[in-house]
Amino acid sequence: MIKRPLAAAALALCGVGAAACGGAEVSAAGAPAPSASLQVDRPAATQDQTDGTTGRGTSGPGDAETDITTIPGTRTAAETTAKPLTGKVVVIDPGHNGGNFRHTREINQLVDILTEKKACDTTGTSTNDGYSEAAFTWDVSQRLAKLLRAQGATVKLTRTNNTGWGPCITERAAIGNKAHADAAISIHGDGAPPSAHGFHVIMPKRAPGLPVNKVIAESAALGKKVRDAFHEGTGLPYSTYIGSKALNYRSDLGGLNLSTVPKIFIECGNMRNATEAAKFKNKAFRQRIAESLAKGIAAYLTGAR
Ligand SMILES: [Zn+2]
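Now for a description of the structure that goes with this document.

**Brief notes about the overall build of the chain**
Okay, so step 1: Looking only at helices and strands, one finds 10 helices and 10 strands in the chain.
Okay, so step 2: For the chain, buried positions account for 54% of its 305 residues.
Okay, so step 3: Across the chain, contacts joining residues at least 24 apart in sequence account for 82% of those joining residues at least 6 apart.
Okay, so step 4: Summed over all atoms, the accessible surface of the chain reaches about 12700 Å², with 55% contributed by carbon and sulfur.

Structural data, given as structure tokens:
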């Protein structure tokens, strides 16, 4: 990770190689951040099932007709077939947080990611003219959540706004675990030298004693689906500076190490590269990014392998 001197001391840039911005994505279990609360959407099917069960329970004994007409599951089945991701849980982690730079003491607290100790969170990078990575990841995450919910998925985000700090990277992993996510994705933009460009997907790498070891293969499958959909949908090239064909494997990211559910990071491109910065600042292009991510995640979840 590269750190900026002087006024921007708080602005820890995502670095090449040593720590893509994801690097600071772990969080302290002992210090929950204020913005760590969840956004939860329950699929309509769940509501219907609950209603059906309640209706049945209130019917009188021997009231066979009532029981038959309120058998739970009828409408649920119809809705399940109507929306491809009904019953699936996706956790989206918008990297960093817009208020992190005002909370350096909090985000610099060290947390244990098992392979090492790291800062709770980082500020992330930005384009040269000041469009922050935190704002970018927040916007893309909102768009992605909307698309996945429209397909029936239950979607949870690891933060609820872009004005607070954290949560720590350990907490970002814990949120996915607690939700029993079928897939989890942490969204980032990198801060590499200006000539470097292209996107890459980071997947967990096995290391002794890591919780993520049991979902290494599933995470890799998710990563490849997202790599393919992102490449096709956005037209962005594979990274010129990290990984092979946009695939990279790491055991120094808390958000991956501590995950017990299939999880990946994506560095959508290099925010310090003029061409990619211009695209990231464009709303229509961010929608394309979200659509591509949704397509890759849906392909993984529906078993289109
Ligand atoms: Zn980042």
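Here the narrative resumes.
**Overview of the sheet that holds strand 9 (residues 247-250)**
Okay, so step 1: An order of 6-3-7-10-8-9 is seen for the 6 strands of this open sheet, with the pairing classed as mixed. Since the sheet does not close on itself, it has two edges, and those belong to strand 6 (154-157) and strand 9, each with one partner. On average, each strand axis in the sheet is inclined to that of its neighbour by 25 degrees, with strand direction left out of account.
Okay, so step 2: Note: strand 8 (residues 200-204) against strand 9, 4 bridges, orientation parallel.

**Some remarks on the state of the cysteines**
Okay, so step 1: Per the stated rule, a full pass over the model turns up 1 disulfide.
Okay, so step 2: Disulfide pairing places Cys 120 opposite Cys 168 at an S-S distance of 2.1 Å. Taking the sign of the S-S torsion, -95 degrees for the link of Cys 120 and Cys 168, the bridge is left-handed. Remark: Cys 168 occurs in the loop between strand 6 and helix 6 (169-178) and Cys 120 occurs in the loop between strand 5 (117-119) and helix 5 (133-150); sequence separation between them is 48 residues.
Okay, so step 3: Residue classification places Cys 120 among the buried residues on the basis of a relative accessible area of 0%.

**Looking at the nonpolar core**
Okay, so step 1: Of all hydrophobic cores here, the largest spans 40 residues; its most connected members are Ile 92, Leu 144, Leu 148, Ile 185, Ile 266, Leu 293 and Ile 297.
Okay, so step 2: The dominant element in this core, judged by the number of residues it contributes, is helix 10 (residues 283-301), at 9 residues.
Okay, so step 3: Each residue touching Ile 185, except ones within four places of it in the same chain, is listed here: Val 91, Ile 92, Asp 93, Leu 144, Val 226, Ile 264, Ile 266, Leu 293 and Ile 297.

**Some thoughts on the coordination of the zinc ion**
Okay, so step 1: Looking at the metal site, the zinc ion is ligated by His 96 (NE2), Glu 133 (OE) and His 188 (ND1), spaced 2.0 to 2.1 Å from it.
Okay, so step 2: Sequence spacing among the residues donating to the zinc ion works out to H-x36-E-x54-H. Here Glu 133, found in helix 5, pairs with His 188, found in strand 7 (residues 183-190); they are 55 residues apart in sequence, far enough to count as distant.
Okay, so step 3: Given the relative accessible area of 0%, His 188 is considered buried.

**A word on the packing of aromatic side chains**
Okay, so step 1: One pass over the full model with this rule turns up 3 aromatic pairs.
Okay, so step 2: Aromatic pair Phe 136 and Phe 280: ring centres 4.6 Å apart, planes at 25 degrees, arrangement stacked. Here Phe 136, found in helix 5, pairs with Phe 280, found in helix 9 (residues 274-280); they are 144 residues apart in sequence, far enough to count as distant. Here the two residues Phe 136 and Phe 280 agree in accessibility, since each one is buried.
Okay, so step 3: Centre to centre, the rings of Phe 199 and Phe 230 are 4.6 Å apart; their planes meet at 50 degrees, and the pair counts as tilted. Note that Phe 199 is positioned in the loop between strand 7 and strand 8 and Phe 230 in helix 7 (residues 216-234), a separation of 31 residues in sequence. Taken individually, Phe 199 and Phe 230 each receive the classification buried, so the pair is uniform in this respect.
Okay, so step 4: Following the ring pairs from residue to residue traces out a cluster consisting of Phe 199, Phe 230 and Tyr 238.

**As for the pattern of salt bridges**
Okay, so step 1: Under the criterion given, the structure shown has 8 salt bridges.
Okay, so step 2: With its nearest N and O atoms 2.8 Å apart, the salt bridge here joins Arg 172 to Asp 93. On the criterion of sequence distance, the pair formed by Arg 172 in helix 6 and Asp 93 in strand 3 (residues 89-94) is long-range, its members being 79 residues apart. Summarising the burial analysis for this pair, Arg 172 and Asp 93 share the class buried.
Okay, so step 3: Three or more residues are tied together by salt bridges with common partners; here these are Asp 93, Asp 121 and Arg 172.

**Quick look at the environment of Ala 229**
Okay, so step 1: Structurally, the position occupied by Ala 229 is in helix 7.
Okay, so step 2: In this view, Ala 229 contacts Ser 292, Lys 295 and Gly 296; residues no more than four positions away in its chain are not counted.

Parameters at a glance
Residues numbered from 1 in each chain as written. Predicted model: local features only at pLDDT ≥ 70, side-chain atom pairs only at ≥ 80, totals over all residues. Heavy atoms only, no water. Helix = DSSP H or I, 4+ residues; strand = E, 2+ residues; numbered from the N terminus. Buried < 20%, exposed > 50% of the residue type's maximum accessible area, 1.4 Å probe, protein only. Contact = heavy atoms within 4.5 Å. Areas by Shrake-Rupley, 256 points an atom, 1.4 Å probe, with all protein chains shown as cover. Pairing = 2+ DSSP bridges. Axes fitted to C-alpha atoms, helices over the stretch in contact; angles between N-to-C directions. Disulfide = S-S within 2.5 Å. Core = buried A, V, L, I, M, F, W, Y, C linked by side-chain atoms within 4.5 Å. Donors = N, O, S within 2.8 Å, 3.2 Å for Na, K, Ca; no water. Phe/Tyr/Trp six-rings, centres within 6.5 Å; stacked < 30°, edge-to-face > 60°. Salt bridge = Lys/Arg side-chain N within 4 Å of Asp/Glu carboxyl O.

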